Amino acid sequence: MDKRTRPGALQIIRNEHVAVAAVLRSLKPMLQRGPGDAPEPFFDVIRAMLFYIDEFPEKRHHPKESDLLFPKLLRAAPQLMPVIEALERDHLSGQPRVRELQHLLLAWEFLGDGHRQPFEDAVAGYVDFYLRHMKVEETELLPLAERCLTAQDRAELDAAFQANRDLFGPDGHDGAYERLFTRIVMHAPAPIGVGPG
């Protein structure tokens, strides 16, 4: 992609939120469909989706926000401190929550349907939590960042965010994740995949 047409950091955050939201929202139709007569591909794609959430948002997206965006925003708009503190608490609790989902999924897969409801309840809570978190960032932080950050701040953020893109974003596809990407796309329902709905 031509450097002049690359999106800036704030647009990258929005794009990454769209990709993460698509994966999160695909979990619900997957669970409604259930494993049916093909439990192996069903559990396989759910595991792949949870791995994506653990691998990209938790390990790559959140650190960029916490380490790069939030400090610049606090310098430019110190009144955001309570919002950023709440978002940081969300970031800190995100990975343990994903690991709990992975554990609950394994319990359902290996110990049977008696463990399905705890997993579904935890997924519903996590999806609500994460969608709310992204909404706060998009409504309370990003508009203020557009107005308050200096040109130098924006350039530094743009460079850092462009170097570390979403695995599933428009130009972030990484060959190392080809198998994960293919597995999710081929088995997950729309909007994230082309599998049966």
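Residue numbers run consecutively from 1 along every chain, following the written order of its sequence. Residue-level local features of this predicted model are given only where pLDDT is at least 70; pairs of side-chain atoms are given and counted only at 80 or more, and the full residue set underlies all totals for whole chains, interfaces and linings. Side-chain descriptors were evaluated using all non-hydrogen atoms of the structure, hydrogens and water having been removed beforehand.

1. Considering the overall build of the chain
- The number of helices and strands found in the chain is six helices and zero strands.
- Helical segments are the DSSP runs of H or I of at least four residues, strand segments are the runs of E of at least two, and each set is numbered from the N terminus. Seen in sequence order, the chain has helices and strands lined up from the N terminus as α-α-α-α-α-α.
- Contact criterion: two residues are considered in contact whenever any of their non-hydrogen atoms come within 4.5 Å of each other. Taking contacts inside the chain between residues at least 6 apart in sequence as the whole, the part at least 24 apart equals 75%.
- A total accessible area of about 9900 Å² is found for the chain, and carbon and sulfur atoms account for 56% of it. Per-residue accessibility takes into account occlusion by the displayed protein chains alone, with areas from the Shrake-Rupley method and a 1.4 Å probe.

2. Description of the packing of helix H2 (residues 39–76) against helix H5 (residues 151–162)
- Axes, fitted as lines to C-alpha atoms, cover a helix only where it is in contact. Angles between the N-to-C directions of the axes lie from 0 to 180 degrees. Closest axis-to-axis distance for the H2/H5 pair is 10 Å, and the angle between their directions is 175 degrees. Classified by the angle their axes make, H2 and H5 are roughly antiparallel. Here H2 contributes Lys64, Glu65, Leu68, Leu69 and Lys72 to the contact with H5, which in turn contributes Asp153, Glu156, Leu157, Ala160 and Phe161.
- For this classification, the nonpolar set comprises Ala, Val, Leu, Ile, Met, Phe, Trp, Tyr, Cys and Pro, the charged set comprises Asp, Glu, Lys and Arg, and every other residue, Gly included, is treated as polar. Class assignment of the residues belonging to the contact of H2 with H5 gives a composition of five nonpolar, no polar and five charged. Orientation labels follow simple angle bins: below 35 degrees gives roughly parallel, above 145 gives roughly antiparallel, 65 to 115 gives roughly perpendicular, and whatever is left gives oblique.

3. A look at the nonpolar core
- Nine residue types can take part in a nonpolar core, namely buried Ala, Val, Leu, Ile, Met, Phe, Trp, Tyr and Cys, and a core is a set of them joined through side-chain atoms within 4.5 Å. Note on exposure labels: buried denotes an accessible area under 20% of the residue type's maximum, exposed denotes more than 50%, and partly exposed covers the range between, all computed with a 1.4 Å probe on protein chains only. Core analysis: the biggest nonpolar cluster contains 34 residues, and Leu24, Ile46, Met49, Tyr52, Ile53 and Phe119 have the highest contact counts within it.
- Among the secondary structure elements, those contributing two or more residues to this core are helix H1 (9–33), H2, helix H3 (81–111), helix H4 (116–148) and helix H6 (178–187).
- In terms of residue count, H2 provides more of this core than any other element does, ten residues in total.
- One finds Ala9, Leu69, Ala77 and Leu87 within the second-largest nonpolar core, a separate group that totals 20 residues.

4. Regarding the environment of Gln32
- Here Gln32 is to be found in helix H1.
- A residue is classified by how much of its surface remains accessible, and Gln32, at 60% relative accessible area, is exposed.
- For Gln32 and Glu120, which are 88 residues apart along the polypeptide, the C-alpha to C-alpha distance reads 9.5 Å.

5. A closer look at the pattern of salt bridges
- Here a salt bridge means any side-chain nitrogen of Lys or Arg lying within 4 Å of a carboxyl oxygen belonging to Asp or Glu. Tallied over the entire structure, the rule returns ten salt bridges.
- For Asp44, the salt bridge identified is with Arg47, shortest N-O distance 3.6 Å. A residue pair is termed a helical-turn pair when its members lie 3 or 4 positions apart in one helix, as Asp44 and Arg47 do in helix H2 at three residues.
- Judged by relative accessible area, which is 17%, Asp44 ranks as buried.
- A salt bridge links Glu55 to Lys59, with the shortest nitrogen-to-oxygen separation between them at 3.5 Å. With Glu55 and Lys59 both in helix H2, this residue pair falls four residues apart, about one helical turn.
- The class for Lys59 is partly exposed, based on a relative accessible area of 42%.
- Sharing partners across several salt bridges, the network here consists of Asp44, Arg47 and Glu109.

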